[in-house]
Amino acid sequence: MALTEQERAVLQAQLHEARQALHQMEIGRAEVSLSYNGESVTYAATNIGALRQYVRDLEAQLGLRKFARARSRGVIFG
């Protein structure tokens, strides 16, 4: 399903905000809050993985990533 220009603009704004929030957490901020779809979500350092997943999901919706979930890597011995 193709996105309209308005939907793409909203997703890009959300992605920008989510990436900024992720950056803030990566540099040591304890909590960040994001607002989207009329709701506010606060991410703490303990759930940074959920914020990373949100960024990946937005990237996938925008076609910037093939898969929304990161693929696991197999373990290679020897």
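Residues numbered from 1 in each chain as written. Predicted model: local features only at pLDDT ≥ 70, side-chain atom pairs only at ≥ 80, totals over all residues. Heavy atoms only, no water.

A. The arrangement of the environment of glycine 49 in detail. Note that glycine 49 resides in helix H2 (residues 48-61). Judged by relative accessible area, glycine 49 falls into the partly exposed class, the value being 40%. Taking the C-alpha atoms as reference, glycine 49 lies 9.7 Å from leucine 22; in sequence the two are 27 residues apart. (Helix = DSSP H or I, 4+ residues; strand = E, 2+ residues; numbered from the N terminus. Buried < 20%, exposed > 50% of the residue type's maximum accessible area, 1.4 Å probe, protein only.)

B. Local environment of the pairing of strand S2 (residues 39-44). When strand S1 (residues 31-36) meets S2, the two strands line up antiparallel, connected through six bridges. The residue bridging glutamate 31 from the neighbouring strand is alanine 44, located in S2. A loop of two residues connects S1 with S2, the two strands running antiparallel in sequence, and asparagine 37 in this loop sits at a positive phi of about 55°. (Pairing = 2+ DSSP bridges.)

C. Looking closely at H2. An ideal rise of 1.5 Å per residue puts 20 Å on 14 residues; H2 measures up with 20 Å between its terminal C-alpha atoms. Here H2 has its buried residues at Ile48, Leu51, Gln53, Tyr54, Val55, Arg56, Leu58 and Glu59. Contact partners of the buried residues in H2: helix H1 (5-26), S1 and S2. In the stretch just after H2, glycine 63 is the one whose phi turns positive, near 80°. (Expected span 1.5 Å × (residues − 1). Contact = heavy atoms within 4.5 Å.)

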